[in-house]
Amino acid sequence: MSKQTYRVCFCFRRKFRLAVSEAPEEIKRVFEQYAEKGIMSVDGLQRFLVEVQKEDKATREDAQKIIDSVKHFHRKGLNLEAFFKYLFGDLNSPLASLGVHHDMSAPLSHYFIYTGHNSYLTGNQLSSDCSDVPVINALKRGVRVIELDIWPNSEKNDVDVKHGGTLTTPVQLINCLRSIKEYAFVASEYPVVITLEDHLTPDLQAKVAEMVTQTFGDVLFSTGSECLKEFPSPESLKKRIIISTKPPKEYLEAKEVKDKENDSQRGKASDEEAWGKEVLDLKGSHIADSKNDLDEEDEEDLEDVDKSQHNLAPEYKRLIAIHAGKPKGGLDEWLKVDPDKVRRLSMSEQQLEKAAETHGKQIVRFTQQNILRVYPKGIRVDSSNYNPLIGWMHGAQMVAFNMQGYGRSLWLMHGMFKANGGCGYVKKPDFLLNSNEVFDPKVKLPVKKILKMTVYMGEGWYYDFHHTHFDAYSPPDFYARIGIAGVPADSVMKKTKTLEDNWVPSWNEEFEFPLTVPELALLRIEVHEYDMSEKDDFGGQTCLPISELRSGIRAVCLNSRKGDKYNSVKLLMRFEFITP
């Protein structure tokens with residue numbers, strides 16, 4: 001295995017020496033600093049954990065466990081090879097294993113919530129199948145908000161889930177409800193919210209009420225049709241299902257007209273590159289006219305809502321725990337805070353971008369008590385997504401994403417919800433909850449901390465990919481892209497040099513990232529293989545919440561485009577936080 005052969009033509013072959021995974025020079029120097037006579041003892045390893053890895057509470061017992069976990073010949077300590085093996089091992093993750101550690105006793109409005117959009121679609125928004133399988137997959141990943149569009153079936157005697165006005169094939173509502181019951185709390189015990197986009201007559205609403213009640217039983221959280229003055233906490237709602245919808249003003253007609261108007265304006269979103277389009281830069285994002293956007297929640301007079309409540313099946317009305325609605329009168333009315341009741345407001349990504357230009361602080365104030373749901377614009381027929389930071393930096397709890405695809409925006413979503421034990425609820429930073437001094441997303445703040453990182457090397461592609469996957473005629477030419485997704489002042493991407501013909505690239509490059517709002521920042525890591533004649537090939541990615549990133553030398557596992565962890569592909573990196 002010391003050499004690898006590539007066929008160039010029938011009569012000619014090229015041989016390349018296979019690089020061996022070897023500790024970089026800096027890792028060797030660190031080892032020598034804490035080792036004696038080529039062996040790092042328990043005491044030396046403990047000092048390394050405290051001083052380099054910044055694990056202040058590390059004990060001799062912790063060090064001994066590490067030594068015991070690495071198979072080698074020296075039982076009294078680690079030699080260089082064993083130390084390098086530990087650094088590249090699964091025990092040395094960049095994220096601490098803290099489990100759920102945020103305060104979970106605050107109202108729901110104080111959390112970012114892992115939220116799906118059109119959760120039943122298997123593919124694009126126009127012609128893919130509807131199924132309970134994407135719902136199951138989302139729940140297994142920890143998604144806590146499932147959206148179902150409910151329509152009468154073709155005989156008008158039962159309820160289907162489908163994307164109305166399209167060629168998507170329906171799935172029965174009861175199948176989705178049963179799957180939610182079975183998988184709701186597999187990944188997290190914190191509450192699941194089902195947002196219903198309702199296109200039903202009162203008789204079918206009554207049928208839905210019966211289905212929901214019989215399927216979920218005591219697990220269903222109900223307020224008895226009363227509006228809440230304050231949302232309950234995730235802690236108090238553990239293992240509960242919550243229904244959220246707005247009472248439909250009219251059955252189907254208004255929505256069908258709107259869908260027909262928009263069908264003519266739906267264009268095909270531009271194709272994503274092999275790894276997805278670059279995340280939209282909020283600093284220069286184009287704010288399109290939102291009049292032509294598919295609005296899932298039309299404006300309505302609050303008196304009309306009260307009237308429409310009388311047409312609702314009473315059993316159905318009692319199911320609704322989180323009331324949704326968008327009052328008439330434009331942004332000022334939408335964002336009014338009622339001290340006596342809380343609600344959910346939905347806005348498209350374009351509506352939010354436009355609103356943020358003039359009402360940024362008002363949006364933040366609204367989200368301190370109420371829930372804001374943001375959903376993808378209607379022309380995203382390919383089930384692509386948008387930059388979630390536009391929602392999070394304004395306090396939006398439910399940044400709704402198409403979970404069935406992949407791409408850079410979705411990687412950010414995966415990264416955000418790795419925080420807090422992956423439970424699907426991440427406590428919003430205090431500055432977004434301060435009612436005395438409301439956060440202004442447009443104001444550039446001073447640098448709070450600097451993230452300094454070193455990208456040493458990577459390995460594992462040789463084991464996870466066929467040897468001609470990247471290049472038919474030679475080993476791959478890898479480079480890494482490293483950067484920050486966060487508020488506009490913090491967002492940036494940088495790249496390493498490209499190393500030619502090497503399965504085990506050793507970049508040994510340093511980067512610095514000043515952070516003004518580290519609480520919302522995500523570390524973006526991608527590896528690509530340079531291709532002179534075609535698009536560069538995808539070699540792995542991950543996204544990590546800066547708030548939970550551990551200092552020190554860490555093994556960073558990379559994932560596929562769909563977010564699934566590779567068996568062997570990892571980067572060895574070092575992270576240091578500096579106070580300016």
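Note that the coordinates shown come from a computational prediction; the quantities given were computed from them, not determined experimentally.

Q: Quick question: what am I supposed to make of the overall build of the protein here?
A: When helices and strands are counted, the protein shows 15 helices and 24 strands. Counting the 580 residues in the protein, one finds 57% classified as buried. Contacts spanning at least 24 positions in sequence make up 75% of the contacts within the protein whose residues lie at least 6 apart. For the protein, the accessible area works out to roughly 25,700 Å², and carbon and sulfur atoms hold 48% of it.

Q: I would appreciate a short explanation of the side chain of Arg 144 in the present structure.
A: With respect to the secondary-structure elements, Arg 144 resides in the loop between α5 (133-141) and β6 (145-152). Looking at Arg 144, its side chain comes within polar contact range of the main-chain oxygen of Ser 188, at 3.2 Å.

Q: Please explain the environment of Val 186 as it appears in this structure.
A: As for its position among the elements, Val 186 is in the loop between α6 (173-183) and β9 (192-198). On the basis of relative accessibility, which here comes to 54%, the residue Val 186 falls in the exposed class.

Q: What am I meant to see in the pattern of salt bridges here?
A: Side-chain pairing between opposite charges can occur once the charged atoms of the two side chains come close. For the structure shown, the criterion picks out 18 salt bridges. Notably, a salt bridge pairs Asp 564 with Arg 141, separated by 3.7 Å at the nearest N-O pair. Note that Asp 564 is positioned in the loop between β23 (552-559) and β24 (565-578) and Arg 141 in helix α5, a separation of 423 residues in sequence. With relative accessibility at 34%, the residue Arg 141 sits in the partly exposed group. As a salt-bridge pair, Lys 336 and Glu 333 come within 3.2 Å of each other at their nearest N and O atoms. Where salt bridges share partners, they join Arg 408, Arg 481, Arg 524 and Glu 526 into one cluster.

Q: Hey, could you run me through the environment of Tyr 425 in this one?
A: Inspection of the secondary structure puts Tyr 425 in strand β16 (residues 425-427). The sequence separation of Tyr 425 and Gly 142 amounts to 283 residues, and the corresponding C-alpha distance is 9.2 Å. Once you skip the residues sitting within four places of it in the chain, Tyr 425 turns out to touch Met 104, Leu 108, Tyr 111, Phe 112, Ile 113, Arg 144, Tyr 190, Pro 191, Val 193, Pro 234, Phe 417 and Asn 420. At 2.8 Å, the side chain of Tyr 425 and the backbone oxygen of Pro 191 are in polar contact.

Q: Help me understand empty space enclosed by the protein in this model?
A: Using a probe with the size of a water molecule, rolled over the atoms, empty space left in the structure can be pinpointed. Overall, the coordinates contain two cavities of 30 Å³ or more when judged by the stated rule. Counted as a void, the second largest cavity has a volume near 40 Å³. Lining the second largest cavity are Arg 408, Trp 411, Leu 412, Arg 524, Ile 525, Glu 526, Gln 541, Thr 542 and Cys 543. Those elements that place two or more of their residues in the lining of the second largest cavity are α14 (408-416), β21 (522-529) and β22 (537-545). Among the residues forming the lining of the second largest cavity, the class breakdown is four nonpolar, two polar and three charged.

Q: Would you take a moment to explain the packing of aromatic side chains for this structure?
A: With the rule as written, the count across this model stands at 20 aromatic pairs. For the ring pair Trp 392 and Phe 417, a centre distance of 6.3 Å and an interplane angle of 70 degrees mean the geometry is edge-to-face. Taken as a pair, Trp 392 in helix α13 (residues 389-392) and Phe 417 in the loop between α14 and β16 lie far apart in primary sequence, 25 residues in all. Summarising the burial analysis for this pair, Trp 392 and Phe 417 share the class buried. Ring centres of Phe 470 and Phe 478 lie 5.1 Å apart, and the angle between their planes is 80 degrees; this geometry places the pair in the edge-to-face category. With relative accessibility at 4%, the residue Phe 470 sits in the buried group. Lys 326 extends its terminal NZ or CZ atom over the ring of Trp 334, reaching a point 4.4 Å from the ring centre. Over the ring of Phe 513 we find Lys 494, and its NZ or CZ is 4.8 Å from the ring centre.

Q: Can you help me understand the pairing of strand β19 (residues 492-495) in this one?
A: Consecutive residues of a regular strand have side chains that alternate between opposite faces of the sheet. As judged from the four bridges shared by strand β18 (residues 478-485) and β19, these two strands associate in the antiparallel manner. By the bridge assignment for β19, Ile 484 is matched with Val 492. A loop of six residues connects β18 with β19, the two strands running antiparallel in sequence.

Q: Honestly, the nonpolar core in this entry has me stumped. Any pointers?
A: One recurring pattern in soluble globular proteins: nonpolar side chains tend to sit buried together. Membership of the largest hydrophobic core comes to 76 residues, with the highest contact counts inside it found for Leu 148, Ile 180 and Tyr 316. Apart from residues lying up to four places away in sequence, Ile 180 is in contact with Val 135, Leu 139, Ile 146, Leu 148, Val 192, Ile 194, Phe 216 and Ile 241. Residues Leu 95, Leu 499, Val 504 and Leu 558 belong to the second largest nonpolar core, which totals 63 residues.

Q: Help me out: how do you make sense of the pairing of β9 in this one?
A: Burial analysis of β9 places seven of its seven residues in the buried class, which makes it a mostly covered element. In this sheet, β9 lies alongside β6 in parallel orientation, the contact comprising six bridges. Residue pairing across strands places Ile 150 opposite Asp 198, the latter belonging to β9. Bridge count for β9 against strand β11 (residues 241-245) is four bridges, and the pairing is parallel. Looking across to β11, one finds that Ile 194 is bridged to Ile 243.

Q: I'm lost on the confidence of the model for the protein in this one. Help?
A: Close inspection of predicted coordinates is inappropriate for parts of the model with low pLDDT. Scored by pLDDT, the protein has a mean of 88; 85% of the residues are at 70 or more. Note on residues 250-275: pLDDT under 50 across the span, and 60 contacts to partners over four residues away in sequence or across chains. Per-residue pLDDT stays below 50 along residues 284-294; that stretch engages in 25 contacts with residues further than four places along the chain or on separate chains.

Q: Before we go on, may I ask you to explain the packing of helix α1 (residues 25-34) against helix α4 (residues 80-87) in this structure?
A: To describe two helices that pack against each other, one gives the angle between their axes and the distance between the axes. Relative to each other, α1 and α4 sit at 115 degrees, their axes nearing to 11 Å. When the axes of α1 and α4 are compared, the crossing they make is right-handed. Residues Ile 27, Lys 28, Val 30 and Phe 31 of α1 lie in contact with α4, whose contacting residues are Leu 80, Phe 83 and Leu 87. Among the residues forming the contact of α1 with α4, the class breakdown is six nonpolar, no polar and one charged.

Q: Can you walk me through helix α3 (residues 60-69) in this structure?
A: Every buried residue of α3 is listed here: Ala 63, Ile 66 and Ile 67. The arc that holds the buried residues of α3, viewed along the axis, is 100 degrees, so those residues lie on one side. More than 90 degrees from the buried face of α3, the exposed residues found are Glu 61, Lys 65 and Asp 68. On the buried face of α3, the contacting elements are β3 (40-41), α2 (42-51), β4 (77-78) and α4.

Q: Help me out: how do you make sense of the packing of α5 against α6 in this one?
A: Relative orientation of the contacting elements α5 and α6 amounts to 20 degrees, with a least axis distance of 9 Å. Accordingly, the angle class assigned to the pair α5 and α6 is roughly parallel. Crossing handedness for the pair α5 and α6: right-handed. Here Val 135, Ile 136, Leu 139 and Lys 140 of α5 lie close against α6, whose contacting residues are Ser 179, Ile 180 and Tyr 183. Looking at the contact of α5 with α6, its residues break down into five nonpolar, one polar and one charged.

About the thresholds
- Residues numbered from 1 in each chain as written.
- Predicted model: local features only at pLDDT ≥ 70, side-chain atom pairs only at ≥ 80, totals over all residues.
- Heavy atoms only, no water.
- Helix = DSSP H or I, 4+ residues; strand = E, 2+ residues; numbered from the N terminus.
- Buried < 20%, exposed > 50% of the residue type's maximum accessible area, 1.4 Å probe, protein only.
- Contact = heavy atoms within 4.5 Å.
- Areas by Shrake-Rupley, 256 points an atom, 1.4 Å probe, with all protein chains shown as cover.
- Polar contact = N/O pair within 3.5 Å; in protein donor to acceptor, adjacent residues only side chain to side chain.
- Salt bridge = Lys/Arg side-chain N within 4 Å of Asp/Glu carboxyl O.
- 1 Å grid on protein atoms, 1.4 Å probe; cavity = no way out; pocket = protein on both sides within 12 Å on 5 of 7 lines; lining within 4 Å.
- Points joined across faces, edges and corners; volume = space filled by probe spheres on them.
- Nonpolar A, V, L, I, M, F, W, Y, C, P; charged D, E, K, R; others polar.
- Phe/Tyr/Trp six-rings, centres within 6.5 Å; stacked < 30°, edge-to-face > 60°.
- Lys NZ or Arg CZ within 6 Å of the ring centre and 35° of its normal.
- Pairing = 2+ DSSP bridges.
- Core = buried A, V, L, I, M, F, W, Y, C linked by side-chain atoms within 4.5 Å.
- pLDDT = per-residue confidence, 0-100.
- Axes fitted to C-alpha atoms, helices over the stretch in contact; angles between N-to-C directions.
- Left-handed = near helix turned anticlockwise from the far one by under 90°.
- Arc of directions from axis to C-beta.
- Parallel < 35°, antiparallel > 145°, perpendicular 65-115°, else oblique.

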